[in-house]
Amino acid sequence: MSNLENLYRQVIMDHYKNPRNKGLVENEEYVKFRVKNPSCGDDITIQTKVVNGLVEDVRHIGSGCSICCSSASVMSETLIGKTTTESLKIIENYYNMVKGNDYDKKLDIGDAVVYSGVSKFPARVKCASIAWQAMEECLKDGKN
Ligand code: ZN
């Protein structure tokens, strides 16, 4: 394992053990969406509050493997403070990265870059994506 892969694994384990922004809130200004991944038992619910086109807060709750749960935490940190347009661009870029497709390396995706190695493990792509899919649904729903 390279030093970089080792570092990435440490970041993933840190977010898994000490998740940021975990727990849902009782607040009707938040939009909520749940996505499950039956092949791995992952079950994630994302909740977000968008104010004037800005992602003000992202919350998450659920259970699953380390890739799935940690990515919900990383996603929340990456997208809080971004506009919805920036967030959707980052989400799209992230999907391309974990699938091993071309993606815009200049776009700042924060710690989410640690999931770049997931593309080598096709079975885990879904694990790394469901929190982001739930967030994407929240953002699309919030726009309506
Ligand atoms: Zn999983």
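Structural data are supplied above this passage.
Q: Help me get a handle on the pairing of strand S2 (residues 42–51), residues and values and all.
A: For S2, the buried fraction is high: eight of the ten residues fall into the buried class. For strand S1 (residues 31–37) and S2, the ladder comprises seven bridges, and the chain directions are antiparallel. The residue of S2 that forms the bridge with Asn 37 is Asp 42. Linking S1 to S2, which pair antiparallel, is a turn of four residues; within it Gly 41 sits at a positive phi near 85°. The pairing of S2 with strand S3 (residues 54–63) spans nine bridges and is antiparallel. Following the sheet pairing, Val 51 is matched in S3 by Leu 54. In textbook terms, the turn of a hairpin is the stretch between consecutive antiparallel strands, and for S2 and S3 this stretch comprises two residues, one of which, Asn 52, has a positive phi near 50°.

Q: Give a description of unusual backbone geometry that names residues and reports values.
A: Phi at Asn 21 is positive, roughly 60°, even though this residue is not glycine. Relative accessible area serves as the criterion here: at 23%, Asn 21 is assigned to the partly exposed category. Within the chain, Asn 52 stands out as a residue other than glycine whose phi angle is a positive 50°. In this fold, Asn 52 is placed in the loop between S2 and S3. When its relative accessible area of 79% is taken as the criterion, Asn 52 is described as exposed.

Q: Report on the sheet that holds S2, specifying residues and quantitative values.
A: Ordered by their spatial adjacency, three strands build an open sheet running S1-S2-S3, and the pairing between neighbours is antiparallel. Every interior strand has two partners, whereas the edge strands, S1 and S3, have only one. Direction aside, the axes of adjacent strands within the sheet are offset by 20° on average. Its contacts with the sheet place helix H2 (residues 66–79) against S2 and S3, and it is angled at close to 170° to S3.

Q: Give me the lowdown on the packing of aromatic side chains, citing residues and values where you can.
A: Here the structure, examined in full by the defined rule, presents two aromatic pairs. Both rings, one in Tyr 94 and one in Tyr 115, keep their centres 6.2 Å apart while their planes meet at 70°; by these two values the pair is edge-to-face. Taken as a pair, Tyr 94 in helix H3 (residues 84–99) and Tyr 115 in the loop between H3 and helix H4 (122–143) lie far apart in primary sequence, 21 residues in all. Tyr 115 sits in the buried class, given a relative accessible area of 0%. Judged by centre distance (3.8 Å) and plane angle (10°), the rings of Tyr 94 and Trp 132 are stacked. Within this pair, whereas Tyr 94 is found in helix H3, its partner Trp 132 is found in helix H4, the two being separated by 38 residues in sequence. You can call Trp 132 buried: its relative accessible area is 0%. Taken together through their ring pairs, the aromatic side chains of Tyr 94, Tyr 115 and Trp 132 make up a single cluster. The ring of Tyr 103 has Lys 105 lying over it, and the distance from NZ or CZ to the ring centre is 4.8 Å.

How each quantity is defined
Residues numbered from 1 in each chain as written. Predicted model: local features only at pLDDT ≥ 70, side-chain atom pairs only at ≥ 80, totals over all residues. Heavy atoms only, no water. Buried < 20%, exposed > 50% of the residue type's maximum accessible area, 1.4 Å probe, protein only. Helix = DSSP H or I, 4+ residues; strand = E, 2+ residues; numbered from the N terminus. Pairing = 2+ DSSP bridges. Axes fitted to C-alpha atoms, helices over the stretch in contact; angles between N-to-C directions. Contact = heavy atoms within 4.5 Å. Phe/Tyr/Trp six-rings, centres within 6.5 Å; stacked < 30°, edge-to-face > 60°. Lys NZ or Arg CZ within 6 Å of the ring centre and 35° of its normal.

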